[in-house]
Amino acid sequence: MAEPLLQFFSLMDAQGGVIVKEPPKFDLDLYVQNYRGRTRFDRLFLIARCSVPLCIDALKAAIAEAKKGRDTQQYREAVECLRVASPHDPDAIFDQQWLDATDKVNRVELNRLSVELKAYKNNLVKESIRMGNEDIGRHLESTGDLHGAAESYAKMRPDISTPKQIIDVAKHLVRVSALKQDWGMILAHVAKLVGGHSSEDEKVLHGYIKIVQGIACLGQERYEDAAFSFLDVDPTVPATVYNEIASPNDIAVYGGLLALATLEREALEKLFLGSPTFRTFLELEPHIRRAITLFVNGRYSACIAAIEAYRADYLLDIYLQKHVPKIFAKIRSKCIVQYLIPFSCVKLDTMNAAFGTPDHPVEEELIAMIKEGVLQARIDAIDRLLITVSASPRSKLQASALETAQKYERQAIDKLRLLGLASADLELKGRKGPGPAAGISLPSMGDMGLIEDSIMA
Amino acid sequence: MDHCAAVLLLFPESFSNDLPDPEYHKAARQHVQKVENLSKDGLLAKFAPQLLPQIDPAVNSISFLALLLESLSDRSTKKIDAILPHLVRFLMTFDARQIRYAGTQMSNLLSAFADFERAPMINDVWEHTINPSMAGSLTLWQASLVVDLLATALLRIDPTGSVLTAHHLTLVRLAYTSNNIEPALPVLEKTIVFYPGAKPTLAPKFLCDMAVHPTAYITPETGLGSKVTPSTVLKYDALRALCFIQRRSWQQAFDSLQRVITHPAGPGVCSNIMADSFQKWQLVGLLLNGKAPSLPPSVSVSAQNIYLTTGKAYIAISQAFESNTATALIQEYGRYTQDEWVADGNLGLIKTVLSHYQRWKIADLRHIYTKISLEQIRALTQSAETGASLGSEQQVLDLVQDMIATGMLKGEVIPAVADGSKPAHLVFHSLTEELSSAAFSAEMADTAQRIAALAPLVETLSERLETSREYVRHMARDAARFKDKSAGLGSGSHPFEAQVDDEDLMIGLSTTR
């Protein structure tokens, strides 16, 4: 690695960022073409900061992207990064002229829009006020003031007159919330979109809603909900409807991975592989389809290998990055559990061959799974075996019967005691009348003249 | 004196015990009255020393009790010395049925007796009359004698041990402060569910009826039980818990502390005893189950808030106990100085928690392993006293064997094989043991029996509640409402309780009938 690049990534590492050394399987240009709007810059910038092989290319693309827009802050950040990563690159020099000009244009434009909005407000024409707010929102969004943009878009609401405008406002707000990664707000805005639209619109809107809901649930770690949201997306919805947030390929990857992490074999086969709609998405990402098929067919180590091969890609995804370790761990533990079902006892070496790597023996993972209760098994560390525990229904029943009986007895005595206290009027009561508030009103154990607890005596 | 003796020996006559309840009741009442008259005349005080040896406390309990009380009124050392053997004899053998008629006197005697522990005079008596071999360790024995006799007397009065009296508190305080818990255990281990002074009082027709529950005769009216305060109840359970902690009976200590922290309290009210008990409850919970206990739902919200504030350090200890390394626990312990733990009265307990940490971590390994080498145990677990793993395999072996011996761990240690193929290791026994049919049904029957034994208590309580003023008022109101409702429906009017299907502002109510 070149010296400046090394310096750049040690800086990123110090900031707690994810660093991906393996080259991803996608082509950067083709990848970015799938998207529209600010998300293009955000995605490029994330790849630049995380992927060692793509760093310079992505930074240059990000700088070009920023220069196409009006957000000078984006440009500054990207150039700053490039100056560290590759100081001699021609793009690493600030285009001060462009910066000044754009800043000035932005100021003038904001001023103009504000004056216009004021005039509309004086005229009391609702439609104009709505459009004025929308213009300011768009302007602020393009210059990077996401908070201000959200505020302006929200101000459109009182002046809405048609259902389509409701959808527009919600879409603006969802987009800004997605850029801010504010998942709760996305769900709140989407909730206002349901119902009351013509059937054609409804279909398109439904697809849009399901996608953003899925992404918001993913952000909130509600993986199963997210998987079902993605499953519901209609493939005929044109990508232009949602490509400011995600691409059709993303839907296949998110949906497929989350389904692998959360659903059982039967459900995966029936709902995902068997679904005519989701199949269309899966065709875009054949490796996900292969992984699901392998899982369903019981070839667990091959399934893990299939998704592991794409780990670098997933780590460079703006929404997936944070969740990759968790989702992969879930898929792995599901594979291990499924693998063990036909056996009562498996050699740890066999388990290692199937799931472990020389650096990460599977034993620690098994221990963690047993502790969490995911795996019903015990380890024999002497003979190196993993023994599955099949609780006999008889002893289970006995234990639960005895426990219930004892619990009943305890509760009965406790109820009797409480009734006894109530009937003898022994409830603690607060002091009446003025004075310090009721509260601690009896002497403490210390005041009772007790000797120090002499348990060790 | 002969007259006096004649009166005192009059009841019960040899056949009295076979008398039907009404007659016995009448005779006992009369006798109490007669004895009182003698006492008023000053005859009892005069002849007590001569009369006491002649009367059998097991037979003429009321008379004997009166004589004792008269003798005790003069508290000169010499006199008391002479009385003590009689007192002991009485407390061990008195007739519980007769004593119901002399409740106040009995109560006075017990209070006076409990005071003896503080007086030095009992020494000689004990030394010479009861157990001559024990001379030399008298201070220890005098308290243990008092505790033992008090416990015996309380159980003779109330064999079920389910009614709390002020003497219970005296007993437990004495037992704990003098470290004589063992003799008090028969009383302490009983579960208290009744408290004297409950309204309404259910006076039995005849106090001598042997079938009535102790709640019927241990009442402020008979004098055997005075009305207790919430503070007495809390103190009793808290002290009882301290006794069990001292004996390391964690389950019983935990249950007692839980009784204190779940004591019903009005909004915004909590007692210091409850807050202190919460701290101990947390620690005892750790010792009992190896994990932080969760608050029972019956704790009021305001008490909960107070517990969470005053017991913050202890909750932190509980959470740290659950982590896999001892560092967090040691850190939480170190947050407060030794003096601060002493001020809470919990230093001993918390040190025990620290020493039990590693035991629980070893015991928890049974959920993960079936067999594990001692060396692995050494590497995986840490002592919370030193913050490090144990020094050698031998120390692990000692610890594990101690755990197996105390029953904390079910398993066995297999020594290393000589050729080195297998190291010394611990084999955990199965967690769920399947019981044989017979053993299982025996255990179930045992529990069922214990639950069935609660039936009389439930009956007593329900009888009391059914006659309580609030309940009767509620029933009367209910009946009146029902009557109103049926009358209203019959007359075709719109009673307010009638089911309203729909309310239209233009038309009014519409109902279905």
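By the naming in an unreviewed UniProt entry, chain A is 26S proteasome subunit RPN7-domain-containing protein, taken from Schizothecium vesticola. Quoted verbatim from the Sequence similarities (unreviewed entry) field of UniProt, the annotation for chain A is "Belongs to the CSN1 family."

Draft legend 1. Main features of the layout of surface pockets. Residues and elements named next belong to chain A. What the second largest pocket holds in volume is close to 660 Å³. If you go around the second largest pocket, you meet 25 residues; those closest to its centre are Phe328, Ala329, Arg332, Ser333 and Glu365. Secondary-structure elements contributing two or more residues to the lining of the second largest pocket are helix 17 (300–308), helix 19 (324–340), helix 20 (348–355) and helix 21 (362–372). Tallied by class, residues from the lining of the second largest pocket come to ten nonpolar, six polar and nine charged. Each of domain 2 (147–317) and domain 3 (343–388) gives at least three residues to the lining of the second largest pocket.

Draft legend 2. The arrangement of the pairing of strand 3 (residues 425–428) of chain B in detail. All names here are of chain B. Along strand 3, one buried face is formed by His425 and Val427 and the opposite face, lined by Leu426 and Phe428, is buried too. Taken together, the three bridges between strand 1 (residues 369–373) and strand 3 define a ladder with antiparallel strand orientation. The residue of strand 3 that forms the bridge with Ser373 is His425.

Draft legend 3. Expanded view of helix 11 (residues 181–188) of chain B. Taken together, the buried positions of helix 11 of chain B are occupied by Ile181(B), Ala184(B), Leu185(B), Val187(B) and Leu188(B). Down the axis of helix 11 of chain B, the buried set is contained in an arc of 165 degrees. They therefore lie on one face.

Draft legend 4. Fine view of the sheet that holds strand 3 (residues 385–388) of chain A. Ordered by their spatial adjacency, six strands build an open sheet running 1(A)-3(A)-2(A)-1(B)-3(B)-2(B), and the pairing between neighbours is mixed. A strand with exactly one partner marks an edge of an open sheet, and here the two such strands are strand 1 (345–347) of chain A together with strand 2 (411–414) of chain B. On average, each strand axis in the sheet is inclined to that of its neighbour by 20 degrees, with strand direction left out of account. Sheet topology places strand 2 (residues 377–380) of chain A next to strand 1 of chain B; two bridges connect them, and they run parallel. Looking across to strand 1 of chain B, one finds that Ile379(A) is bridged to Tyr369(B). Against the sheet, helix 22 (residues 393–406) of chain B makes contact with strand 2 and strand 3 of chain B, and its axis sits at roughly 150 degrees relative to strand 2 of chain B, the strand it touches most.

Draft legend 5. Focus on the nonpolar core. Counting residues in each nonpolar core, the largest one holds 268 residues, and the members touching the most others are Phe90(B), Leu91(B) and Met106(B). When residues no more than four places from it in sequence are discounted, the contact partners of Met106(B) are Leu65(B), Phe90(B), Leu91(B), Phe94(B), Ile99(B), Ile157(B) and Leu224(B). Among the nonpolar cores identified, the runner-up in size contains 14 residues, and Leu117(A), Leu140(A), Ala149(A) and Leu179(A) belong to it.

Draft legend 6. A look at a nonpolar patch on the surface. A cluster of nonpolar side chains, contributed by Tyr471(B), Val472(B) and Met475(B), occupies part of the molecular surface with about 260 Å² of accessible area. Within the secondary structure, Met475(B) sits in helix 25 (residues 469–491).

Draft legend 7. View of the environment of Glu127(A). Residue and element names in this part refer to chain A. Topologically, Glu127 is positioned in helix 7 (residues 126–143). Along the backbone, Glu127 and Ala191 are 64 residues apart, and their C-alpha atoms lie at a distance of 24 Å. If we skip the residues at most four places from it in the chain, Glu127 touches Ser161 and Gln165.

Draft legend 8. Layout of the environment of Lys326(A). All names here are of chain A. With respect to the helices and strands, Lys326 occurs in helix 19. Between the C-alpha atom of Lys326 and that of Ala261, which follows or precedes it by 65 residues, the distance is 9.1 Å. The residues touching Lys326, leaving out its near neighbours within four places in the chain, are Glu221 and Tyr223. Side chain to side chain, Lys326 and Glu221 meet in a polar contact 2.7 Å long.

Draft legend 9. Local environment of the pattern of salt bridges. Residues and elements named next belong to chain A. Tallied over the entire structure, the rule returns 40 salt bridges over all chains. Between Lys60 and Asp91 there is a salt bridge, and its shortest N-O distance comes to 4.0 Å. Placement of Lys60 in helix 4 (residues 55–68) and of Asp91 in the loop between helix 5 (72–85) and helix 6 (96–123) is noted, with a sequence separation of 31 residues between them. For Lys60, a relative accessible area of 28% translates into the label partly exposed. The partner of Asp168 in a salt bridge is Lys164, with the nearest N and O atoms 3.2 Å apart. Highlighted residues: Asp168 and Lys164, both in helix 9 (residues 163–180), separated by four residues, approximately one helical turn. Linked through salt bridges whose partners overlap, the residues forming this network are Arg36, Glu141, Arg175 and Glu244.

Draft legend 10. View of the interface of chain B and chain A. Between chain B and chain A, the contact holds 81 residues from the first and 53 residues from the second. Of the roughly 5,900 Å² buried where chain B meets chain A, counting both sides, 67% is carbon and sulfur surface. Along the contact surface separating chain B from chain A lie four salt bridges. Across the pair Lys371(B) and Asp383(A) runs a salt bridge, and its minimum N-O distance is 2.9 Å. Counting across the chain B and chain A interface gives 14 residue pairs in polar contact (both at pLDDT 80 or more). Taken together, the elements giving at least two residues each to the side of chain B that touches chain A come down to helix 10 (166–177), helix 13 (230–247), helix 14 (250–261), helix 15 (272–289), helix 20 (347–364), strand 1, helix 23 (437–453) and helix 24 (455–466) of chain B. Taken together, the residues of the side of chain B that touches chain A sort by class into 38 nonpolar, 27 polar and 16 charged.

Procedures and definitions
Residues numbered from 1 in each chain as written. Chains lettered and ligands numbered in written order. Predicted model: local features only at pLDDT ≥ 70, side-chain atom pairs only at ≥ 80, totals over all residues. Heavy atoms only, no water. UniProt positions renumbered as here; feature names shortened; annotations may be inferred. 1 Å grid on protein atoms, 1.4 Å probe; cavity = no way out; pocket = protein on both sides within 12 Å on 5 of 7 lines; lining within 4 Å. Points joined across faces, edges and corners; volume = space filled by probe spheres on them. Helix = DSSP H or I, 4+ residues; strand = E, 2+ residues; numbered from the N terminus. Nonpolar A, V, L, I, M, F, W, Y, C, P; charged D, E, K, R; others polar. Domains from an automatic or database assignment. Buried < 20%, exposed > 50% of the residue type's maximum accessible area, 1.4 Å probe, protein only. Pairing = 2+ DSSP bridges. Arc of directions from axis to C-beta. Axes fitted to C-alpha atoms, helices over the stretch in contact; angles between N-to-C directions. Contact = heavy atoms within 4.5 Å. Core = buried A, V, L, I, M, F, W, Y, C linked by side-chain atoms within 4.5 Å. Patch = residues over 30% accessible without salt bridge, like charges linked within 9 Å, V, L, I, M, F, W, Y side chains within 5 Å. Areas by Shrake-Rupley, 256 points an atom, 1.4 Å probe, with all protein chains shown as cover. Salt bridge = Lys/Arg side-chain N within 4 Å of Asp/Glu carboxyl O. Polar contact = N/O pair within 3.5 Å; in protein donor to acceptor, adjacent residues only side chain to side chain. Buried area = accessible area lost by both parts, 1.4 Å probe.

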